[in-house]
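Architecture and fold: a report
Next come the chains, spelled out residue by residue.
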Amino acid sequence: MKDRLIVSLDLRDLGQIKEIVASLRGIVSFYKIGAIPFTFFGIDVIKMLKDEGVRVMFDLKYHDIPNTVARACEAASQLGVDFITLHTSGGFTMLEDAVKATLMHAEMNKSPAPKLLGITILTSLDEAYLKDLYGETTRSLSEQVVFLADLARSAGLDGVVASPHEIRLIREACGKDLVIVTPGVRLKEIAVSGDDQARTMTPKQAVQQGADYLVVGRPIVKAADPRHAAQQIIKEMEDGHRART
Ligand code: C5P
């Protein structure tokens with residue numbers, strides 16, 4: 001389970017990022033770099049993590065015309081990242097072209113291909129807003145999540161990013177091979193001030209539901225003792241894994 005915890009480094013201070021990574025050495029081996037640190041520090045932050053020997057989830061949530069996303073996936077592959085995220089709402093051709101470009105790049109460079117993960121519906125959007133956005137005939141929120149997860153699977157993506165509450169539905173619809181990466185995880189004992197994650201689950205519950213990887217940010221990076229928080233989360237993930245079978 002230790003390798004299944006991805007710590008989200010949504011920070012704008014490179015010194016603080018380095019401190020967190022150093023304090024979690026030997027415990028955490030996977031980090032998520034999203035729009036905030038990448039906009040501030042660009043490829044330097046990726047290089048720093050690769051030099052640490054850890055894995056990187058590159059979370060820029062690509063959403064553009066197929067050619068642009070395919071070329072961006074090649075560029076991300078060149079950086080040596082391990083997971084890349086893209087919006088499934090970009091459509092089948094965008095997803096399929098991204099898969100082809102990533103696999104081709106790996107073959108030509110004799111390097112391992114990064115896993116491609118689809119974002120379905122952002123957890124900040126609710127069903128009422130979806131109807132506002134797309135009209136009354138839209139599927140229900142959970143039907144839309146499953147539809148998009150299946151679109152990702154059929155286009156050849158390796159997995160999806162999904163809220164803890166969607167894991168079971170996606171597993172049932174898409175099978176056991178689709179990788180499910182789950183944010184929105186909170187330890188009951190660790191409150192996060194000003195938290196915007198509404199529908200959370202504990203690490204134990206999320207793994208028990210069938211999540212393959214958990215993404216956790218503030219409960220670790222804002223903790224008084226990040227190392228202790230990460231250890232607690234990994235322990236709960238192990239409990240959840242045992243409870244699964
Ligand atoms: O700090 P926290 O644990 O809430 O961080 C969760 C991370 O996962 C953030 O980087 C956030 O952008 C990301 N995320 C999310 N919900 C999604 C997709 C991604 O919280 N549906």
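These lines cover the structure that appears in this document, whether it is placed above or below. All figures in this text were calculated on a predicted structure; none of them were measured in a lab.

A cluster of nonpolar residues, Tyr 129, Leu 133 and Tyr 134, forms a patch on the protein surface that exposes about 340 Å² of accessible area. Along the chain, Tyr 129 falls in helix H6 (residues 127–134).

For Lys 61, which is not a glycine, the phi torsion comes out positive at approximately 45 degrees. Secondary-structure assignment places Lys 61 in strand E3 (residues 55–62). In this structure Lys 61 comes out as partly exposed when scored by relative accessible area, which is 30%. Backbone geometry places Lys 110, a non-glycine residue, at a positive phi of 50 degrees. Along the chain, Lys 110 falls in the loop between helix H5 (92–109) and strand E5 (115–119). The exposed category is assigned to Lys 110, whose relative accessible area is 75%.

With that settled, the discussion passes to the sheet that holds strand E4 (residues 83–87). One closed barrel holds the eight strands; their spatial order is E1-E2-E3-E4-E5-E6-E7-E8, and the pairing between them is parallel. The mean angle between the axes of side-by-side strands here comes to 25 degrees, regardless of whether they run parallel or antiparallel. Across five bridges, strand E2 (residues 30–34) lies against E3 in parallel orientation. Across the sheet, Lys 32 pairs through a bridge with Met 57, a residue of E3.

Turning next to the pairing of strand E8 (residues 213–216). On E8, burial covers both faces: Tyr 213 and Val 215 on one face and Leu 214 and Val 216 on the other are all buried. In the sheet, strand E7 (residues 179–182) pairs with E8 via two bridges, with the strands oriented parallel. Bridged to Thr 182 within E8 is Leu 214.

This part is about the state of the cysteines. Tallying each qualifying case throughout the model produces zero disulfides. Note on Cys 73: no disulfide assigned, nearest cysteine sulfur contributed by Cys 174 at a separation of 20 Å. On the basis of relative accessible area, Cys 73 is assigned to the buried category, the value being 0%. Of the residues examined, Cys 174 reaches a relative accessible area of 10% and is grouped as buried.

Let us look at the environment of Asp 239. Positionally, Asp 239 belongs in helix H11 (residues 226–244). The sequence separation of Asp 239 and Lys 204 amounts to 35 residues, and the corresponding C-alpha distance is 6.0 Å. Within the structure, Asp 239 has its side chain in polar contact with the side chain of Arg 242 (distance 2.7 Å).

How each quantity is defined
- Residues numbered from 1 in each chain as written.
- Predicted model: local features only at pLDDT ≥ 70, side-chain atom pairs only at ≥ 80, totals over all residues.
- Heavy atoms only, no water.
- Patch = residues over 30% accessible without salt bridge, like charges linked within 9 Å, V, L, I, M, F, W, Y side chains within 5 Å.
- Areas by Shrake-Rupley, 256 points an atom, 1.4 Å probe, with all protein chains shown as cover.
- Salt bridge = Lys/Arg side-chain N within 4 Å of Asp/Glu carboxyl O.
- Helix = DSSP H or I, 4+ residues; strand = E, 2+ residues; numbered from the N terminus.
- Buried < 20%, exposed > 50% of the residue type's maximum accessible area, 1.4 Å probe, protein only.
- Pairing = 2+ DSSP bridges.
- Axes fitted to C-alpha atoms, helices over the stretch in contact; angles between N-to-C directions.
- Disulfide = S-S within 2.5 Å.
- Polar contact = N/O pair within 3.5 Å; in protein donor to acceptor, adjacent residues only side chain to side chain.

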